[in-house]
Amino acid sequence: MIKQSHLSPDNAVFTEQVLAGDYWIKEVKAGQTLRILDLEGNQAADTLFYSAADPVERYSAIDTIREQANAYLTAGTKLMSNFGNTMLEITADTCGRHDTLGGACATESNQIRYALEKKCMHACRDSWMLAIAENEQYGISKRDITHNINFFMNVPITAEGGLSFEDGISEAGKYVEMKAMMDVIVLISNCPQLNNPCNAYNPTPVEILIWD
Ligand SMILES: [Zn+2]
C-alpha cells in the first residue's frame, strides 16, 4: 500500500548515508520514526531488529506473516517479535512492497546459487557479522543473526507458491518508514549483491533518517 509520509527531512534528528556493502547499527527509541531512503533506486536493505532491553527478543518473519495474514510488508504492517510483541509498525511506504521470505545473501548461498568463484564476494551476512563484532556493546552474537527483512526487494510468490527473485520495483527517492513501538536495535546491511536482480546489479547507497 502506497502511503506518503508527513515528516520533513528538515526536522529529522539523525541523517546518515550508508554505502552499499556497509552496515549500519543503532538503537532507535520507542516513539521514534526510522526512514530508509532508496537514494538511487532498486537497492536492497537487509535488516534485522532486536529488543534493546534484551536482544533475545528479535524480529520474527513467521509471526509477522501469520499475524497480518500476508507475506508482503508495506504500510500498516506490524513487525512482530518472536515473543509476539509489535516491535515497529510501517507508517509510510512509497515503494509498496518489501520482502521477508528471501533471506539475506551469504558467501555460501552465493556459491551455491551462482558459481563457485562467487564465494569470495562480499555478502550481507558478512556485513552483519562485522557489525556485531565491532559493536559488542549491543550484546548480539552470531546465534542472533536470524531471518531478516529485505526492504525494497521484490520476491513475488508465484501462483504455485514458489518464490521468484525479480527486478526491483523501487525507484530513486522511494522510502519506507516505521515507528518503533519499543526500544530497538536496528541492524542494516546495505546489500553488496552483484549476482541477482534485486538491486539491478548495481549496489547503491541508502540514507537513514530518524525523527523524534
Ligand atoms: Zn545482500
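Here the structure is a predicted model, which means the values were calculated and not measured.

Rules used in this analysis
- Residues numbered from 1 in each chain as written.
- Predicted model: local features only at pLDDT ≥ 70, side-chain atom pairs only at ≥ 80, totals over all residues.
- Heavy atoms only, no water.
- Pairing = 2+ DSSP bridges.
- Helix = DSSP H or I, 4+ residues; strand = E, 2+ residues; numbered from the N terminus.
- Axes fitted to C-alpha atoms, helices over the stretch in contact; angles between N-to-C directions.
- Salt bridge = Lys/Arg side-chain N within 4 Å of Asp/Glu carboxyl O.
- Buried < 20%, exposed > 50% of the residue type's maximum accessible area, 1.4 Å probe, protein only.
- Contact = heavy atoms within 4.5 Å.
- Donors = N, O, S within 2.8 Å, 3.2 Å for Na, K, Ca; no water.
- Core = buried A, V, L, I, M, F, W, Y, C linked by side-chain atoms within 4.5 Å.

Our next topic: the sheet that holds strand β1 (residues 14–18). Reading across the sheet, the six strands line up as β1-β10-β3-β8-β6-β5 and stay open at both edges, with antiparallel pairing between neighbours. Each having just a single partner strand, β1 and β5 (78–80) make up the two edges of the open sheet. Taken pair by pair, the neighbouring strands of this sheet meet at an average axis angle of 20°, ignoring direction. Direction of pairing for strand β6 (residues 86–93) relative to strand β8 (residues 174–180): antiparallel, over a ladder of five bridges.

The next point concerns the pattern of salt bridges. This model, assessed by the stated rule, comprises six salt bridges. Note that Arg35 and Glu177 form a salt bridge whose closest N and O atoms lie 2.7 Å from each other. On the criterion of sequence distance, the pair formed by Arg35 in strand β3 (residues 33–38) and Glu177 in strand β8 is long-range, its members being 142 residues apart. On the basis of relative accessibility, which here comes to 6%, the residue Arg35 falls in the buried class. The salt bridge involving Arg66 is made with Glu67; its shortest N-O contact spans 3.2 Å. Here the residues in one salt-bridge network are Glu27, Lys29 and Asp183, joined through shared partners.

A few words on helix α1 (residues 61–68). Restricting attention to buried positions, one finds in α1 the residues Ala61, Asp63, Thr64 and Ile65. Buried-residue contacts for α1 involve β5. Taken from the residues just after α1, Ala69 is the one with a positive phi, measuring 55°.

For the rest of this paragraph, the subject is the coordination of the zinc ion. Taken together, Cys105 (SG), Cys124 (SG) and Cys191 (SG) make up the protein donors of the zinc ion, found 2.2 to 2.3 Å from the metal. Summarised as a motif, the one-chain spacing of the donors to the zinc ion is C-x18-C-x66-C. Residue Cys105 is located in the loop between β6 and α2 (107–113), and its partner Cys191 is located in the loop between β9 (184–190) and β10 (206–211); the two are separated by 86 residues in the primary sequence. Pair check on accessibility: Cys105 and Cys191 agree, each one buried.

Okay, the nonpolar core next. Judged by nonpolar contacts, the single largest core of 29 residues is most densely connected at Ile36, Phe49, Phe151 and Met178. Every residue in contact with Phe151, bar those within four places of it in the chain, is listed here: Ile36, Gln43, Ala44, Ala45, Thr47, Phe49, Ile90, His98, Val176 and Met178. Core analysis: the second largest hydrophobic core is formed by 11 residues, Ile25, Trp128, Ile140 and Ile185 among them.

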